[in-house]
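# Inside the fold
One letter stands for each residue in the lines below.
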Amino acid sequence: KAGVTQTPRYLIKTRGQQVTLSCSPISGHRSVSWYQQTPGQGLQFLFEYFSETQRNKGNFPGRFSGRQFSNSRSEMNVSTLELGDSALYLCASSSLADTDTQYFGPGTRLTVL
Amino acid sequence: DAKTTQPPSMDCAEGRAANLPCNHSTISGNEYVYWYRQIHSQGPQYIIHGLKNNETNEMASLIITEDRKSSTLILPHATLRDTAVYYCIVRPANSGYALNFGKGTSLLVTP
């Protein structure tokens, strides 16, 4: 079956703008998690959604938000972009039965100028 | 989650076994050892996990010491495509969706 897909793959924005990234999980997976990866901080957990509800949240400012739709697709939004938000944003999906095997998408590379 | 320690980098010749160590001396009785890897510019990929018995699948073998304070991921016949960052993660099973990846080991497989 198809893997996790993320759009767009690359994005360039300027400081102060906002951005929305999209993630479609593996068919049948209802949990979607988001991670930020930077050279300095590595992979950091942003938040996780299940059945349209945010269940877990990492230590990120309120500028980072997300949502999940009834078809399990998820979006994350970053408002008032800062240079430090430049990163690879990864989405992962997992099944309810096995939350520790997370299937990652290819990521969206965001560059903030 | 228990803290893990991995060497920052390792080399391995193509065709040889790659043995990646992970120290988790503070592991609790209900915590599993998970391994993921990330090939450059791709999303992380699940490899294997175990509690106390050695585990093997089509990708790798996981050897956990009897006291569970350390483990070794073994890629039996490394190929160039195995060049990646390997992450050892220790946590209770089904404890949530936040994986703590740490810094991992950068494995370079050479021809």
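Residues numbered from 1 in each chain as written. Chains lettered and ligands numbered in written order. Predicted model: local features only at pLDDT ≥ 70, side-chain atom pairs only at ≥ 80, totals over all residues. Heavy atoms only, no water.

This part takes up unusual backbone geometry. In this model, Thr 7 of chain A is joined to Pro 8 of chain A through a cis peptide bond whose omega is -10°. Despite not being glycine, Ser 72 of chain A shows a phi value in the positive range, around 80°. In this structure, Ser 72 of chain A sits in the loop between β7 (64-68) and β8 (74-78). Given the relative accessible area of 11%, Ser 72 of chain A is considered buried. With phi around 65°, Arg 68 of chain B is a residue other than glycine that occupies positive phi space. Along the chain, the position of Arg 68 of chain B falls in the loop between β6 (61-64) and β7 (70-75). The exposure class assigned to Arg 68 of chain B is buried, which follows from its relative accessible area of 9%. (Helix = DSSP H or I, 4+ residues; strand = E, 2+ residues; numbered from the N terminus. Buried < 20%, exposed > 50% of the residue type's maximum accessible area, 1.4 Å probe, protein only.)

Let's shift gears to the sheet that holds β8 of chain A. Residues and elements named next belong to chain A. In spatial order, the strands read β1-β3-β8-β7; together these 4 strands make up an open sheet with antiparallel pairing. Each edge of the sheet is formed by a strand with only one pairing partner; in this case those strands are β1 (5-7) and β7. With strand direction ignored, the average angle separating the axes of adjacent strands in the sheet is 20°. Bridge count for β7 against β8 is 5 bridges, and the pairing is antiparallel. Within β8, the position partnered with Gln 68 by the bridge is Ser 74. (Pairing = 2+ DSSP bridges. Axes fitted to C-alpha atoms, helices over the stretch in contact; angles between N-to-C directions.)

Right, let's talk about the pattern of salt bridges for a bit. Residue and element names in this part refer to chain A. One pass over the full model with this rule turns up 6 salt bridges over all chains. Taking the shortest distance from any N to any O, the salt bridge between Arg 63 and Glu 82 comes out at 3.6 Å. Residue Arg 63 is located in the loop between β6 (53-57) and β7, and its partner Glu 82 is located in the loop between β8 and β9 (87-95); the two are separated by 19 residues in the primary sequence. Given the relative accessible area of 16%, Arg 63 is considered buried. Residue Glu 82 is classed as partly exposed on the basis of its relative accessible area, which comes to 42%. Here Arg 63 and Asp 85 are joined by a salt bridge, their closest N and O atoms 2.8 Å apart. On the criterion of sequence distance, the pair formed by Arg 63 in the loop between β6 and β7 and Asp 85 in the loop between β8 and β9 is long-range, its members being 22 residues apart. One exposure class covers both Arg 63 and Asp 85, and it is buried. (Salt bridge = Lys/Arg side-chain N within 4 Å of Asp/Glu carboxyl O.)

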